[in-house]
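Listed here are the chains, written in short residue letters.
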Amino acid sequence: MASYQASPQYPSTTPDREPSSGVALKILALFLGLAVGVLAIAAVVLVQTADDARDEAKAATGTTDQSAHSDAANGAVSLPLESFAGKTGENAEELALAHPATNAALPAVPAGELVKVQMTLKDMVVEVAPGVRYNTWAFDGHGAPGPIVHVREGQMVEMTLTNGGAIPHSIDFHAARIAPNIAFRDVAPGESFTFRFRANDPGVYMYHCGTKPVLAHIANGMYGAIIVDPATPLPKADHEYVLVASEWYLSGDGVSEPASLNMEKARAMQPDWTTFNGYANQYVTHPLVADPGDTVRFYVVAAGPTLDTDFHVVGTIFDRAWVNGDMTQFQQGVQTVGVPAGGGAVFDVKIDQPGMYPFVSHAFAHVDLGQVGLLKVGNPKGGSTH
Ligand SMILES: [Cu+2]
């Protein structure tokens, strides 16, 4: 089990203090100096005494019980934190096979000028890894991430959030230019709220609950992707997949009973699981598919709540990468692109040779924790290498 060693908090910034014996020695030295008139000798003694005092003070800083007990009120974190990484239910392979993968396919853009989006927030249990259940605040019918919203530049989005949960929630669309205190306001339990924004900025964006503490609301599953197609379409792609990367911080292993959020782990950025589309390794068990020679487009959003995703497809190079979701230009021939928490990017790969091509966050601790999938090109023989 990975865990941090308990470590002392930052060393005290209090200046070194001379112990009382130092003060006594000072007086003694002064007395002696006055008595014998050998001030030079006394000065040498004082310097040595001060050095000793500093050493003592440093030693004391290192050995004093500076306990790292948490103080929830000021956000401090108590280390070590117990990790449940890799703890699945028994027969994990069977459970993974039985768990249907989240549909990553980009849905079509709705017709018309106005796109109505309705989401109902619900307190619900979802599975985040084989046999690992978690108490989310998530979107009814979807879990986490929420539904993929796909519109075209210039369309009006009408968002209605219905709060079917127990506490206030809200929804913040990064694709909108709108006063957040009005549009992204808290919606009380049992209430609905509707606002509109025009999607004038093409890109791939995150949406999420913005209710405080936002760290908790995102960590509990309140996030998703909104894709705004540019008015001038991107080059044709044969497959378009949406991957929302996120991490999970568990209060227990989630096997015997559903886990909830461990806020200390969230603050310490020590996730138990990291995922694409909410479930560890789901596209390893149920790969995304393409035919040789197809152009495959990935829309990647890093939902966090805190960690970035370093997107990379093993065995190929991005033919086009719209970095940071800047749809006005793409980079060519790049290997790995950082997608910041709260950001998005678009990637094209064209793979001619049949095979199993892993897509990962190349920050490889994330792969160990579940942020990896496979793109199956053609009908290859043999398994994957990662
Ligand atoms: Cu919320």
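A brief structural summary. (Residues numbered from 1 in each chain as written. Predicted model: local features only at pLDDT ≥ 70, side-chain atom pairs only at ≥ 80, totals over all residues. Heavy atoms only, no water.)

Some details on the overall build of the protein
- A count of helical and extended segments in the protein gives 8 helices and 18 strands.
- For the protein, buried positions account for 45% of its 386 residues.
- Sequence separation of 24 or more characterises 75% of the internal contacts of the protein that already satisfy a separation of 6 or more.
- For the protein, the accessible area works out to roughly 18,600 Å², and carbon and sulfur atoms hold 54% of it. (Helix = DSSP H or I, 4+ residues; strand = E, 2+ residues; numbered from the N terminus. Buried < 20%, exposed > 50% of the residue type's maximum accessible area, 1.4 Å probe, protein only. Contact = heavy atoms within 4.5 Å. Areas by Shrake-Rupley, 256 points an atom, 1.4 Å probe, with all protein chains shown as cover.)

Observations regarding the nonpolar core
- If you look at the biggest cluster of nonpolar residues, it comprises 30 residues, and the most contacted ones within it are Tyr 223, Trp 248, Leu 250, Trp 273 and Tyr 299.
- At the level of elements, strand S1 (114-129), strand S2 (132-139), strand S7 (203-208), strand S8 (223-229), strand S9 (239-248) and strand S12 (295-304) are the ones that each hand at least two residues to this core.
- With residues near it in sequence (within four places) discarded, Tyr 223 still touches Phe 139, Ala 144, Pro 145, Gly 146, Met 206, Tyr 207, His 208, Ile 218, Val 244, Ser 246, Trp 248 and Ala 303. (Core = buried A, V, L, I, M, F, W, Y, C linked by side-chain atoms within 4.5 Å.)

Some points on the coordination of the copper ion
- Only His 169 (ND1), Cys 209 (SG), His 217 (ND1) and Met 222 (SD) from the protein reach the copper ion as donors, at distances of 2.0 to 2.4 Å.
- One can describe the donor arrangement at the copper ion as irregular, given that its 4 donor atoms subtend angles of 85 to 137° at the metal.
- Each donor residue of the copper ion lies on one chain, and together they are spaced H-x39-C-x7-H-x4-M.
- Owing to a relative accessible area of 2%, His 217 belongs among the buried residues under this scheme. (Donors = N, O, S within 2.8 Å, 3.2 Å for Na, K, Ca; no water. Tetrahedral: all angles 85-135°; square planar, octahedral: opposite > 155°, others 65-115°.)

Details of empty space enclosed by the protein
- Using the criterion set out here, one finds 1 cavity of 30 Å³ or more in the structure.
- The computed volume of the largest cavity comes to approximately 30 Å³.
- Surrounding the largest cavity, Ala 245, Ser 246, Glu 247, Ala 302, Ala 303, Gly 304, Leu 307, Asp 308, Thr 309, His 366 and Gln 371 form its lining.
- Of all the secondary-structure elements, those providing two or more residues to the lining of the largest cavity are S9 and S12.
- Along the lines of polarity and charge, the residues of the lining of the largest cavity split into 4 nonpolar, 5 polar and 2 charged. (1 Å grid on protein atoms, 1.4 Å probe; cavity = no way out; pocket = protein on both sides within 12 Å on 5 of 7 lines; lining within 4 Å. Points joined across faces, edges and corners; volume = space filled by probe spheres on them. Nonpolar A, V, L, I, M, F, W, Y, C, P; charged D, E, K, R; others polar.)

So, the sheet that holds strand S15 (residues 336-339)
- Ordered in space as S11-S18-S17-S13-S15, the 5 strands form an open sheet in which the pairing is mixed. In this open sheet, the two edge strands, each paired with only one partner strand, are strand S11 (288-290) and S15. Averaged over all pairs of adjacent strands, the angle between strand axes in this sheet comes to 25°, irrespective of strand direction.
- When strand S17 (residues 355-361) meets strand S18 (residues 372-377), the two strands line up antiparallel, connected through 6 bridges. Bridge pairing links Gly 355 to Val 377 in S18. (Pairing = 2+ DSSP bridges. Axes fitted to C-alpha atoms, helices over the stretch in contact; angles between N-to-C directions.)

Some points on the sheet that holds S1
- Strand order in the open sheet made by the 4 strands is S2-S1-S4-S6, with mixed pairing throughout. The open sheet is flanked by S2 and strand S6 (192-198), the only strands paired with a single partner. Adjacent strand axes in the sheet meet at a mean angle of 25° when their direction is disregarded.
- As paired elements, S1 and S2 share 8 bridges and run antiparallel to each other. Bridge pairing in S2 places Lys 122 opposite Ala 138.

Considerations on the packing of aromatic side chains
- A complete count under the given rule lists 19 aromatic pairs for this structure.
- Ring geometry for Phe 195 versus Phe 197: centroids 6.4 Å apart, planes at 25°, classification stacked. Both residues of the pair, Phe 195 and Phe 197, count as buried.
- When the ring of Tyr 241 is compared with that of Phe 298, the centres are 6.3 Å apart and the planes differ by 40°; the resulting orientation is tilted. One end of the pair, Tyr 241, is in strand S9; the other, Phe 298, is in strand S12, and 57 residues separate them in sequence. By the burial criterion, Tyr 241 is buried, and Phe 298 matches it.
- Each member of the aromatic cluster is reached from another via a ring pair, and the members are Tyr 241, Phe 276, Tyr 283, Phe 298, Phe 311, Phe 318, Phe 347 and Phe 359.
- The ring centre of Phe 193 lies 4.1 Å from the NZ or CZ of Arg 185, which sits over that ring.
- Between the NZ or CZ atom of Arg 320 and the centre of the ring of Phe 330, over which it lies, the distance is 5.8 Å. (Phe/Tyr/Trp six-rings, centres within 6.5 Å; stacked < 30°, edge-to-face > 60°. Lys NZ or Arg CZ within 6 Å of the ring centre and 35° of its normal.)

Description of the layout of surface pockets
- The space that makes up the largest pocket amounts to roughly 400 Å³.
- If you trace the largest pocket, you find 21 residues lining it, with Thr 102, Asn 103, His 142, Pro 145 and Asn 277 closest to the centre.
- Among the elements of the structure, S1 and S9 are those that each provide at least two residues to the lining of the largest pocket.
- Taken together, the residues that form the lining of the largest pocket break down as 11 nonpolar, 9 polar and 1 charged.

Re the environment of Pro 230
- Inspection of the secondary structure assignment puts Pro 230 in the loop between S8 and S9.
- When its relative accessible area of 10% is taken as the criterion, Pro 230 is described as buried.
- Placed 30 residues apart in sequence, Pro 230 and Asn 200 show a C-alpha to C-alpha distance of 8.8 Å.
- In contact with Pro 230, other than residues within four places in its own chain, are Arg 152, Glu 153, Pro 202 and Met 327.

A word on the side chain of His 312
- Structurally, His 312 can be placed in strand S13 (residues 309-313).
- One polar contact links His 312 to Thr 336, side chain to side chain, over a distance of 3.1 Å.
- Beyond its immediate stretch of four places on either side in the chain, His 312 contacts Phe 318, Gln 335, Thr 336, Pro 358, Phe 359, Val 360 and His 362. (Polar contact = N/O pair within 3.5 Å; in protein donor to acceptor, adjacent residues only side chain to side chain.)

A word on unusual backbone geometry
- A cis amide bond links Ala 144 to the next residue, Pro 145, at an omega of 5°.
- Following the sequence through the fold, Pro 145 ends up in the loop between S2 and strand S3 (149-152).
- Of note, the amide linkage connecting Lys 212 to Pro 213 takes the cis form, showing an omega dihedral of -10°.
- Counting through the fold element by element, Pro 213 comes out in the loop between S7 and helix H5 (214-219).
- A positive phi angle, close to 60°, is found at Asn 281, a residue other than glycine.

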